[in-house]
Amino acid sequence: MPDNTIARRELTFAQAINEATHQAMAADPTVICFGLGVTDPGAIFGTTRGLEEAFGPSRVFDMPTSENAMTGVAVGAAIAGLKPLMTHQRLDFFLLAMDQLVNSAAKWHYMFGCQFNVPITIRLIIGRGWGQGPTHSQNLQAWFTHIPGLKVVMPTTPADAKQLLLASIDDPNPVLFLEHRWLHNLTDDVPEQPTHGLIGKARVARQGDDITIVASGYLTLEAIRAADYLTGVGIKCDVIDLRTLSPLDWPAIFKSVHKTGRLMAVDSGALTGSIAGEIIARVASERFADLKVAPRRLAQPDVPEPTSFGLTRGFHIRSRSIAGSALEMMGETGDVLLGQLPDPVPHDVPGDWFKGPF
Amino acid sequence: MPDNTIARRELTFAQAINEATHQAMAADPTVICFGLGVTDPGAIFGTTRGLEEAFGPSRVFDMPTSENAMTGVAVGAAIAGLKPLMTHQRLDFFLLAMDQLVNSAAKWHYMFGCQFNVPITIRLIIGRGWGQGPTHSQNLQAWFTHIPGLKVVMPTTPADAKQLLLASIDDPNPVLFLEHRWLHNLTDDVPEQPTHGLIGKARVARQGDDITIVASGYLTLEAIRAADYLTGVGIKCDVIDLRTLSPLDWPAIFKSVHKTGRLMAVDSGALTGSIAGEIIARVASERFADLKVAPRRLAQPDVPEPTSFGLTRGFHIRSRSIAGSALEMMGETGDVLLGQLPDPVPHDVPGDWFKGPF
Amino acid sequence: MTDDQLEMRLLGAMLRLRMVEEAIAAHYPEQEMRCPVHLSIGQEAPSAAFSLAVQREDLAVSTHRGHAHYLAKGGALGPMIAEIYGKSTGCSKGRGGSMHLADKDAGFMGTSAIVGNSIPVGVGLGLALQIQGRAQASCVFIGDGATEEGVYYESANFAVVKNLPVVFLCENNRYSVYSPLSVRQPEGRSLTRVATSLGLTSVEVDGNDAIACYHAVDRALQQARGGGGPQFLEFHTFRHLEHCGPNDDDHLDYRQPGELQSWQQRDPIDLLQAKLLLTNHDLSSEIQPIRERISNEIETAFAEAAAAPFPDLEECMRDVYA
Amino acid sequence: MTDDQLEMRLLGAMLRLRMVEEAIAAHYPEQEMRCPVHLSIGQEAPSAAFSLAVQREDLAVSTHRGHAHYLAKGGALGPMIAEIYGKSTGCSKGRGGSMHLADKDAGFMGTSAIVGNSIPVGVGLGLALQIQGRAQASCVFIGDGATEEGVYYESANFAVVKNLPVVFLCENNRYSVYSPLSVRQPEGRSLTRVATSLGLTSVEVDGNDAIACYHAVDRALQQARGGGGPQFLEFHTFRHLEHCGPNDDDHLDYRQPGELQSWQQRDPIDLLQAKLLLTNHDLSSEIQPIRERISNEIETAFAEAAAAPFPDLEECMRDVYA
Ligand SMILES: Cc1ncc(C[n+]2csc(CCOP(=O)(O)OP(=O)(O)O)c2C)c(N)n1
Ligand SMILES: Cc1ncc(C[n+]2csc(CCOP(=O)(O)OP(=O)(O)O)c2C)c(N)n1
Ligand SMILES: [Mg+2]
Ligand SMILES: [Mg+2]
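Not measured: the values here are computed from a predicted model.

Colleague: Mind showing me how you'd approach the interface of chain A and chain D here?
Modeller: Note on interface size: it is often stated as the accessible area lost on association of the parts. Taken residue by residue, the interface counts 38 residues in chain A and 35 residues in chain D. Of all residues in chain A, Thr65(A), Trp130(A) and Leu311(A) give up the largest surface area on contact with chain D, accounting jointly for 22% of the area buried on that side. Counting every contact that joins chain A to chain D gives one salt bridge. Residue Asp348(A) is joined to Arg34(D) by a salt bridge in which the shortest nitrogen-to-oxygen separation is 2.7 Å. Counting every contact that joins chain A to chain D gives 11 residue pairs in polar contact (both at pLDDT 80 or more). When residues in the side of chain A that touches chain D are grouped by element, the largest group, three residues, is from helix H11 (residues 309-312) of chain A.

Colleague: Before we go on, may I ask you to explain helix H12 (residues 319-329) of chain B in this structure?
Modeller: Three- or four-residue spacings in an α-helix give side chains the same orientation, since the helix completes a turn every 3.6 residues. All names here are of chain B. Of all 11 residues that make up H12, eight are buried, and the element is covered over most of its length. Every buried residue of H12 is listed here: Ser319, Ile322, Ala323, Gly324, Ser325, Ala326, Leu327 and Met329. Backbone geometry just downstream of H12 places glycine 331 in the positive-phi region, at approximately 85°.

Colleague: What is the right way to read the pattern of salt bridges from this model?
Modeller: Side chains carrying opposite charge are able to pair once their charged atoms draw close together. Under the defined criterion, the tally for this structure stands at 56 salt bridges over all chains. A salt bridge links Arg243(A) to Asp160(A); the nearest nitrogen and oxygen atoms lie 3.0 Å apart. Taken as a pair, Arg243(A) in the loop between strand E11 (237-241) and strand E12 (244-246) and Asp160(A) in helix H7 (residues 158-170) lie far apart in primary sequence, 83 residues in all. A relative accessible area of 6% places Asp160(A) in the buried class. One salt bridge connects Lys93(D) with Glu315(D), and the closest N-O pair in it is separated by 3.5 Å.

Colleague: Would you mind showing me how to read the coordination of the magnesium ion (ligand 4) here?
Modeller: Ideal values for angles at a metal depend on the geometry: 109.5 degrees with four tetrahedral donors, 90 or 180 degrees with six octahedral donors. Residue and element names in this part refer to chain D. Bound to the magnesium ion (ligand 4) on the protein side are Asp144 (OD), Asn173 (OD1) and Tyr175 (O), at distances that span 2.0 to 2.1 Å. On the primary sequence, the residues serving as donors to the magnesium ion (ligand 4) are separated as D-x28-N-x1-Y. With a gap of 31 residues between them, aspartate 144 in the loop between strand E3 (138-143) and helix H6 (150-161) and tyrosine 175 in strand E5 (residues 175-176) connect regions that are remote in the sequence. For the pair shown, aspartate 144 and tyrosine 175 are each scored as buried.

Colleague: What is the right way to look at the environment of Leu298(A) in this model?
Modeller: Residue and element names in this part refer to chain A. Of note, leucine 298 is situated in strand E14 (residues 296-300). For leucine 298, a relative accessible area of 13% corresponds to the buried category. In contact with leucine 298, not counting residues within four places along its chain, are Met264, Ala265, Val266, Asp267, Ile317, Ser321, Ile322 and Ser325.

Colleague: Whenever I open this one, the relation of the copies chain B and chain A confuses me. Can you help?
Modeller: Superposition of chain B onto chain A requires a rotation of 180° combined with a translation of 0.0 Å along the rotation axis, giving an RMSD of 0.0 Å. Put plainly, the chains are arranged around a two-fold axis. Ranked by how close their C-alpha atoms come to the rotation axis, the residues of chain B are headed by Ala281(B), at 2.2 Å. In this assembly, 100% of the residues forming the interface of chain B have copies in chain A that are likewise at the interface, indicating an isologous arrangement.

Colleague: Can you help me understand the confidence of the model for chain C in this one?
Modeller: Detailed reading of the predicted model is not advised wherever pLDDT is low. Of all residues in chain C, 100% attain a pLDDT of 70 or more, and the chain-wide mean is 97. For this predicted complex, the interface confidence score (ipTM) comes to 0.98, while the overall pTM stands at 0.98.

Colleague: Could you clarify how one ought to interpret the site of ligand 2 in this entry?
Modeller: For ligand 2, the set of nearby residues contains 20 residues, the closest of which are Glu67(A), His64(D), Arg65(D), Ala113(D) and Gly145(D). This site is not confined to one chain, since residues near ligand 2 come from chains A and D. In the environment of ligand 2, a nitrogen atom lies 2.7 Å from a nitrogen or oxygen atom belonging to the backbone of Ala113(D). Here an oxygen atom of ligand 2 and a backbone polar atom of Gly145(D) are 2.8 Å apart. In the complex, the protein chains occlude 94% of the 570 Å² of accessible area that ligand 2 would expose alone. When the residues that make up the shell around ligand 2 are grouped by side-chain class, the tally is nine nonpolar, seven polar and four charged.

Colleague: What am I meant to see in the sheet that holds strand E13 (residues 263-270) of chain A here?
Modeller: What holds strands together in a sheet is hydrogen bonding between their backbones, with the strands either parallel or antiparallel. All names here are of chain A. The five strands are arranged E9-E11-E10-E13-E14 in an open sheet whose pairing can be described as mixed. Taken across any chain shown, the strands that pair with only one partner, and hence form the sheet edges, are strand E9 (203-206) and E14. For this sheet, the mean inter-axis angle between neighbouring strands, taken without regard to orientation, is 25°. One ladder, built from four bridges, connects E13 with E14; its direction is parallel. Of the residues in E14, the one forming a bridge with alanine 270 is glutamine 300. Sitting on the sheet, helix H8 (residues 218-232) is in contact with E9, strand E10 (211-215), E11 and E13, with an inclination near 170° to E11.

Colleague: In this structure, what is going on with the packing of aromatic side chains? I would like to understand it.
Modeller: Here a ring pair, both rings aromatic, is described through the centre-centre distance and the interplanar angle of the planes. In this structure the tally under the stated criterion is 39 aromatic pairs over all chains. Plain terms: the ring middles of Phe288(A) and Phe288(B) are 5.9 Å apart, the flat faces sit at 55° to each other, and that makes the pair tilted. Of the two residues, Phe288(A) sits in the loop between helix H10 (275-286) and E14 while Phe288(B) sits in the loop between helix H10 (275-286) and strand E14 (296-300), which places them in two different chains. Each member of the pair, Phe288(A) together with Phe288(B), is buried. When the ring centre of Phe45(B) is taken as reference, the NZ or CZ atom of Arg181(B) above it lies at 3.9 Å. Seen from the ring of Trp130(B), Arg34(C) lies directly overhead, with NZ or CZ sitting 4.5 Å from the centre.

Colleague: How do you make sense of the site of ligand 1 when you look at a structure like this?
Modeller: Taken together, 20 residues are adjacent to ligand 1, and Glu67(B), His64(C), Arg65(C), Ala113(C) and Gly145(C) come closest. Those residues lying near ligand 1 are distributed over chains B and C. At 2.6 Å from a nitrogen atom of ligand 1 is found a side-chain nitrogen or oxygen belonging to Glu67(B). A distance of 2.8 Å separates an oxygen atom of ligand 1 from a polar atom in the side chain of Asp144(C). Protein chains shield 94% of the accessible area of ligand 1, which is 580 Å² for the free molecule. Of the residues in the shell around ligand 1, the class split is nine nonpolar, seven polar and four charged.

Colleague: Please explain the coordination of the magnesium ion (ligand 3) as it appears in this structure.
Modeller: Residue and element names in this part refer to chain C. Around the magnesium ion (ligand 3), the protein supplies Asp144 (OD), Asn173 (OD1) and Tyr175 (O) as donor atoms, at distances of 2.0 to 2.1 Å. For the magnesium ion (ligand 3), the donor residues sit on a single chain with the sequence spacing D-x28-N-x1-Y. Taking the relative accessible area as the measure of exposure, asparagine 173 reaches 5% and is therefore buried. Judged by relative accessible area, tyrosine 175 falls into the buried class, the value being 6%.

Colleague: What is the right way to look at the interface of chain B and chain A in this model?
Modeller: Residue-level contacts link 47 residues of chain B with 47 residues of chain A. Taking both partners together, chain B and chain A bury about 4000 Å²; carbon and sulfur atoms supply 68% of that area. The tally of links from chain B across to chain A stands at two salt bridges. Ionic pairing is found between Arg297(A) and Glu278(B), a salt bridge with its closest N-O pair at 2.7 Å. Here chain B and chain A share 13 residue pairs in polar contact (both at pLDDT 80 or more) between them.

Rules of the game
- Residues numbered from 1 in each chain as written.
- Chains lettered and ligands numbered in written order.
- Predicted model: local features only at pLDDT ≥ 70, side-chain atom pairs only at ≥ 80, totals over all residues.
- Heavy atoms only, no water.
- Contact = heavy atoms within 4.5 Å.
- Buried area = accessible area lost by both parts, 1.4 Å probe.
- Salt bridge = Lys/Arg side-chain N within 4 Å of Asp/Glu carboxyl O.
- Polar contact = N/O pair within 3.5 Å; in protein donor to acceptor, adjacent residues only side chain to side chain.
- Helix = DSSP H or I, 4+ residues; strand = E, 2+ residues; numbered from the N terminus.
- Buried < 20%, exposed > 50% of the residue type's maximum accessible area, 1.4 Å probe, protein only.
- Donors = N, O, S within 2.8 Å, 3.2 Å for Na, K, Ca; no water.
- Least-squares fit on C-alpha atoms with pLDDT ≥ 70 in both.
- pLDDT = per-residue confidence, 0-100.
- Near = heavy atom within 4 Å.
- Areas by Shrake-Rupley, 256 points an atom, 1.4 Å probe, with all protein chains shown as cover.
- Nonpolar A, V, L, I, M, F, W, Y, C, P; charged D, E, K, R; others polar.
- Pairing = 2+ DSSP bridges.
- Axes fitted to C-alpha atoms, helices over the stretch in contact; angles between N-to-C directions.
- Phe/Tyr/Trp six-rings, centres within 6.5 Å; stacked < 30°, edge-to-face > 60°.
- Lys NZ or Arg CZ within 6 Å of the ring centre and 35° of its normal.

Rendered as structure tokens:
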């Protein structure tokens, strides 16, 4: 366990994941942890540091570059009584394992008449910036939410990262745990006590009566930045941090839209087929009367992410476009007001600490 | 080519596919055709009959059970100048090939700066009924529409099957050609002349001012049956047969909704994350003012398809539920009126000709 | 167990598997079993051998052609037939059908209709056994076609890297649906040799010789349970009926002329009976009671399956998550 | 070509690859090349050999570690450097970066950042060559890690079934990122033996011996072009720098103590220079002009890349479909 977990409770998102894993493995000897690089010097951006030393090489191990088989191995180990926690350094690599995810993990409980549980957690890191490009930065969370039997979580804060990872490992179902690379160094208070919180509960990150902004993962931070800016110009937003993408917390969304009458869904995936679309669709069909103006969604363009620094500028959703859209929904012309909300420079790194390329 | 293509122009959907393939291969020596069973006695429900005899074993061949590699092989052959047409007897098997589909096929044109085209067509057959169950009847078209760079077509009529298959083979991009198993024996007029029609154009299958029903593939037939019934009770529907799922024909949908003000999207995939949702979302955000009542979507439950005859009854969208929903959208209480629209018996076969189990 | 006892038990086991499949074939045209069925008639020897060598605490997974493996592992017959009938009493509550059988109590952990799909699952079972310190084996049934899926190599490699107690039982019946090996694998390919090169302890077995099968399976299981690492057994065998369904399909000419007949002449049950005759058994009197017992068991299973209610859709819908 | 000419050309080719990579490493800290780079320093011999044996009409694909392969196949240096700089003049118009290089004119058909991903693509190129009746080869560069992906086996199998003109060039550098072979493959695994069992004509080569590499590659290419079917070459080699990025990372201790040093002592360039010295070359005078020419070429490439404009996002957005 990181030395400093007790003394100071400010942890990075990555440290929070590390702490959750240590606590889960200490509490439950059936938890095992594997994935490419979990025992290497990089330790998956530090998230798996110290695990092998603490729990031994039979519970914590590196693996061959065999994503599909290793997902099936997790299923087999799970139905025989273990709780595998598997990590992929990029979500993109996990595309090799869709058969095992969809045809095995998601269905082994249901299609054998509930004889088995499949308590697997699969950590998927979403890349971004510094030339990650078309095959190292895909945001395919919408795919996972379309598959019955899977749960999908996507924390924003370090505390939620910890709580949701513990909950995911505990959960008797396969859970995809999505980590945006830009969150790993985010620092915040993290309670030391394990808090095996519920999966499926959204968090209201900002409160306001004018617009409901639904976001998740890294984009929650951009939404909060936008909301804080908008407060300054007299527009108050509910920012809903979904935390769990499947099953979605519809009551939280419905309640907020009932109050605001305005819905904006923000998504780091490609627009068409995004979860943002799912949110708009469900609210439009089930809460039509609550909508005062046309709902909006902001997502990535339907374009593979290019690599060049020159091309990623303007490619992603930032707080500026969220705020601009919000202003338009309130009947203002966005551009004039946005002076104080510039895009960060350089646009392809999460902060000064980041020196590329991972 | 089937003997009877000239004498009588009524063809089944399966024969139309067969004819299109024969014509495409005769017209263009770079077209090759492969897939598990394309040369076997079943000939993929007759759709690949006679191809090996006509075009030889180097252009038409069976393959190892290696879905992922064979998709990559298609990509390689395509960038070197061939036009591969590949077939899978079930969409479900293709889950093994998502890496090659998403990371190679969809991106090889774009991510190498347009040096290459990737003219591949992949036929995917969607199973249904007679115990196809959780791993032989998945409708994952929404996944494909979420990936930039892919095209997705899903014909309903034999004529469209032919025209769209020709267009798919012609297209310089990877195209997924989705065939619902229940359509293979549908008979209709099919023009003999190759009609390399456009991908991306929807068809208005029924016209009416009251409700816009957007459907695709097999469900178009259920929607038409519902619309015809509704005509009898004084409700007139536009039935839009999408034909292409990606890129979607938004002008056709917008135009119809502008006229009717009522939108119902019908989808054979699981509800959450369905294309039906995408349609509702985009109309709600871009044509909000046109909507007179809450839009609706009808799709499969978020449940893996069970196998038992006893469980598939009531599992799928049928014309009765479409008509019932339409009645509700018009302010009628559906149930009373639906006497003349019973579900077919037995519910798990498309017609008398079907003797299971494929 | 004397040789003689072994042989009689193998014969009884094969007969049971054969008669169950024949009963399914006989009832299938009634169209009450509304799901694909892949029968194993002709391929009984490896399963029968397995049924004698395996322990209840061992684990196993299999494929679309899994009836015999399910039964051989000790899976309950009644729930299997009920599953094929899609009934609430089915082993998978009617959700899986013939292609998705499991009996957890018997350590039979599932079958998959996706070729190759259950292979890594079986290796994962082996991983769990190892980590839990249980001296048992995980058994993975596959066909020749499954060795064309990349996941087979990935799974075998991991099993060897970790020295897992996994036994791969490959029934090489030379066909994948209608496709002969020649269009799928190179001439001269030996699945056993490939397995050896991957680091599996590998043996080739005459899949019509139930006794040879027994000794091979028994040795492999013991090795695996004892820490000897993953094992690979290739059984040369043949399916007599069509790939999927209850019928003969030899008229479709996808096999070599005479190929089926030559395999039928070496039918594993006939072979063993012939051997037993040589050793002065009065087979007709010994086998008759066995056949009767099996018949009764099968009749009960079918009658109960036919009489059982269909499952409830609402309940089924609620069971998506554990 | 005399032996002597061959040796000098191999040396020149290795020097060029080395110097390009060194230039990338030198400029990388400027943070103008904002994408991951995987350098091949230490692994130049197979690529240099390949550059002399391959024909322009042959085709090739490679991996994340593809700079040397791209250049060896005749890919243009300027557009490669511009691509790493993310510029509009890049070979992939800035969309792909270092991990996605292609030069269609040179028959270099792409690289992939997904391990194993380009393997079947290369086999598909071979299929096209065969169907089109072109007596050329398709060359597939892979690492040792890629042989853990199932798609490698699937691809190799298909290549053998169809007797395709494909040459697999496997640079076994014993590591996948920080992971040694020992955690990924069983002790005693021979990639060559596995390839042989799959039906590939397979040879093991000292990947530090450029001359041996040349003869192996030349023979394999000729065989493949002449209908001799798919070939597999395993080069034992080593990367000197970190997996990704411009630095040395030996202090991280993920390698055996002394392992890097022992490989560096057999640096392929040093080895060949030593050999040439033995044959009385006046290396310093012969090499200097070669180095200068290469330096100039590299400097121009970097200067042009740095000066070129970034691509236009609107145009990039429009190019999703062909
Ligand atoms: C991934 C996948 N591809 C294709 C199929 C279609 N299919 C069903 S059974 C089968 C035959 C597999 O052959 P083999 O493994 O030899 O088993 P056998 O049927 O001979 O017992 C095939 C190809 C499938 N179910 N899954
Ligand atoms: C499918 C997939 N899994 C994991 C990775 C992460 N990764 C990038 S390079 C690499 C090493 C591959 O090793 P090897 O094939 O030996 O090539 P080398 O880097 O040694 O040249 C890995 C695992 C990836 N890019 N793709
Ligand atoms: Mg077989
Ligand atoms: Mg390597």
